[in-house]
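# Summary of the model geometry
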Amino acid sequence: MVVESNRAGAVMQVIPSPKQRSSRWVSSSVPEARWDIPLAQTSSAAYHVNNLIMPVLFVQAVAHIPANAVVVELAPHSLLQTLLRRSLPQSCTLLGLLHKQRPHSLLANLGRSVSPPGSHFAQLV
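Now for a quick tour of the structure. (Residues numbered from 1 in each chain as written. Predicted model: local features only at pLDDT ≥ 70, side-chain atom pairs only at ≥ 80, totals over all residues. Heavy atoms only, no water.)

Let's shift gears to the overall build of the chain. From N to C terminus, the chain includes 7 helices and 4 strands. Put simply, the chain runs from its N terminus to its C terminus through helices and strands in the order α-β-α-β-α-α-β-α-β-α-α. Here the chain holds 125 residues, and the buried ones make up 29% of them. Intrachain contacts of the chain at a sequence separation of at least 6 include 38% that bridge at least 24 residues. For the chain, the accessible area works out to roughly 8600 Å², and carbon and sulfur atoms hold 61% of it. (Helix = DSSP H or I, 4+ residues; strand = E, 2+ residues; numbered from the N terminus. Buried < 20%, exposed > 50% of the residue type's maximum accessible area, 1.4 Å probe, protein only. Contact = heavy atoms within 4.5 Å. Areas by Shrake-Rupley, 256 points an atom, 1.4 Å probe, with all protein chains shown as cover.)

Attention now goes to a nonpolar patch on the surface. A cluster of nonpolar side chains, namely Leu 52, Ile 53 and Met 54, defines an oily patch on the protein surface of about 260 Å² accessible area. Note on placement: Leu 52 falls in helix 3 (residues 45-53). For Leu 52, a relative accessible area of 55% translates into the label exposed. (Patch = residues over 30% accessible without salt bridge, like charges linked within 9 Å, V, L, I, M, F, W, Y side chains within 5 Å. Salt bridge = Lys/Arg side-chain N within 4 Å of Asp/Glu carboxyl O.)

Taken as a whole, the largest pocket encloses approximately 1000 Å³ of empty space. Taken together, the elements giving at least two residues each to the lining of the largest pocket come down to helix 3, helix 4 (58-62) and strand 3 (70-73). The greatest single-element share of the lining of the largest pocket, amounting to 4 residues, is contributed by strand 3. Taken together, the residues that form the lining of the largest pocket break down as 18 nonpolar, 5 polar and 2 charged. (1 Å grid on protein atoms, 1.4 Å probe; cavity = no way out; pocket = protein on both sides within 12 Å on 5 of 7 lines; lining within 4 Å. Points joined across faces, edges and corners; volume = space filled by probe spheres on them. Nonpolar A, V, L, I, M, F, W, Y, C, P; charged D, E, K, R; others polar.)

Quick look at the structure:
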């Protein structure tokens, strides 16, 4: 496929050498039963191209997010915030980094991620 080849070339410029994934990495594009295959073991150009072209396995991925986790959504307009709020334990902190109505949401949520619970800054967000 020409399109897939073009994507792989572009991603290779950003991720020229694969890096071993951590145990915290939850893949949303490789089924859990296949997490032991080489593709799912590294952050590589091949993995990220796979992530772009495969369906998102949202329910499977969310099931692996532990209580008290900080979940960062890297999607335009924080589209998944409502779904994440319904799917994750209330103890999780949800950060949507992009929102068209709030141009400073990236900075505000990054600050929220490092502010102690109940701090003045955390209450403003």
